[in-house]
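# A look at the structure
One-letter residues, chain by chain:
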Amino acid sequence: MINRKLLLSAVIIMFIVSGAATAYMYLRPHGRTVEIESGGRILYTIDLDREKDREIVIEYEGRKNTVVISSGDICVREADCPDHVCIRTGWLSKAGGPIVCLPNRLVIRYKEGGGLDAAAG
Amino acid sequence: MQRQDRTARLTRLALLSALALIIFVVEMQIPSPVPIPGVKLGLANIITVYAVYHFSCGEVVLIVLTRVLLGAIFGGNPAVLPFSLTGAAFCIAGMTVLKRHIDEKDLWIASVFGAVLHNLGQTAAALIVMRTAAVVAYLPMLIFSGCIAGTFTGLAAQFMIKKFPRGIDRK
């Protein structure tokens, strides 16, 4: 038996640290350049400040996601995946993390200035 | 083991698998409050944590594998199978070790570690499948939600054990 107190404090520390890291993910500063990745390849790099409003359809193995750029923000409007998590994530500016569609291997995220360490938090 | 015993054991495993599948399908109808891939209560894991403490590791694998595979068919989302399977593998491996160190009275603590390990496994699978480090950005949220979901399912399993102290694994 491992000490019960030790295990309990491990749980509490895990809870607090991950909670703080989550809050940081929402509040951390980020640039205005967005990358759209499909199946691990970067398809588009978009500067939201300069991009005109438009729709991009991204296909992966025959399944489609419709990405909308509007007033300097970006979201997924339509997807033919079963769970629609990417659509319900909403606008990237309010998401606190990348927009991810696991079934269609799609990731929309702010381009990292400081490399991967910043993303790992 | 006698033939009768083996049949009884098989029946119990089938019963638990069916229970887990029903919970899984019902939970699927509840929309997730946070639209983050991988975040959910995972109520079906009430059965998993119960099984970890009452069955052998191989039997737990059978129960979870049956539920995950059939769940993907009923849920119509086989594309997320690699993530659920890796998560389940991490969770079962971790909890099998932890059950030797954590008393059944504190099952919820083991459940928290199980849930967090599940989400770590999911993220590992996402890293490989999506081929992007961007998914790591969700790790803090997944660990945080794992703590909450694990506590909840663990306590639910404890209530179940209290309600049926003789369990369904004993005659």
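The structure under discussion appears in the preceding block.
Fair warning: this is a prediction, and the values are worked out from it, not measured in the lab. (Residues numbered from 1 in each chain as written. Chains lettered and ligands numbered in written order. Predicted model: local features only at pLDDT ≥ 70, side-chain atom pairs only at ≥ 80, totals over all residues.)

The next point concerns the pairing of strand β5 (residues 73–79) of chain A. Every regular strand shows the same layout, with side chains that alternate between the two sheet faces. Residues and elements named next belong to chain A. Relative to β5, strand β4 (residues 63–70) runs antiparallel, the two sharing 6 bridges. In the strand pairing of β5, S70 is matched with D73. Where β4 folds back on β5, the antiparallel hairpin that results is connected by 2 residues, among which S71 adopts a positive phi of roughly 45°. (Pairing = 2+ DSSP bridges. Helix = DSSP H or I, 4+ residues; strand = E, 2+ residues; numbered from the N terminus.)

Residues and elements named next belong to chain B. When the terminal C-alpha atoms of helix α1 (residues 3–28) are compared, their 37 Å separation across 26 residues agrees well with the 38 Å that a helix rising 1.5 Å per residue should span. Of all the residues in α1, the buried ones are L16, A20, L21, I23 and F24. Considering only its buried residues, α1 is in contact with α2 (45–54) and α3 (57–75). (Expected span 1.5 Å × (residues − 1). Buried ≥ 20, exposed ≤ 12 C-beta atoms within 10 Å, placed from the backbone. Contact = placed C-beta atoms within 7 Å.)

When the parts of a complex come together, some accessible area is lost, and that lost area is often taken as the interface size. Facing 30 residues of chain B, the contacting portion of chain A comprises 32 residues. Counting only elements with at least two residues in the side of chain B that touches chain A, the list comes to α5 (107–130) and α6 (139–163) of chain B. The residue inventory of the side of chain B that touches chain A, partitioned by class, reads 23 nonpolar, 4 polar and 3 charged. (Nonpolar A, V, L, I, M, F, W, Y, C, P; charged D, E, K, R; others polar.)

A packed helix pair is summarised by two numbers, namely the angle formed by the two axes and the spacing between the axes. Residues and elements named next belong to chain B. Relative to each other, α3 and helix α4 (residues 81–98) sit at 160°, their axes nearing to 11 Å. It follows from the interaxial angle that α3 and α4 lie roughly antiparallel. Relative to α4, the crossing made by α3 is right-handed. Across the interface between the two elements, C57, V60, V61, V64, V68 and A72 from α3 touch L81, S84, L85, A88, I92 and T96 from α4. The residue inventory of the contact of α3 with α4, partitioned by class, reads 10 nonpolar, 2 polar and no charged. (Axes fitted to C-alpha atoms, helices over the stretch in contact; angles between N-to-C directions. Parallel < 35°, antiparallel > 145°, perpendicular 65-115°, else oblique. Left-handed = near helix turned anticlockwise from the far one by under 90°.)

This paragraph deals with the environment of T22 of chain A. Residue placement: T22 of chain A occurs in helix α1 (residues 4–27). Judged by C-beta crowding, with 22 C-beta atoms within 10 Å, T22 of chain A ranks as buried. When the C-alpha atoms of T22 of chain A and G96 of chain A are compared, they prove to be 8.4 Å apart, with 74 residues separating the residues in sequence. Excluding residues that lie within four positions of it along the chain, T22 of chain A makes contacts with P140, M141 and F144 of chain B.

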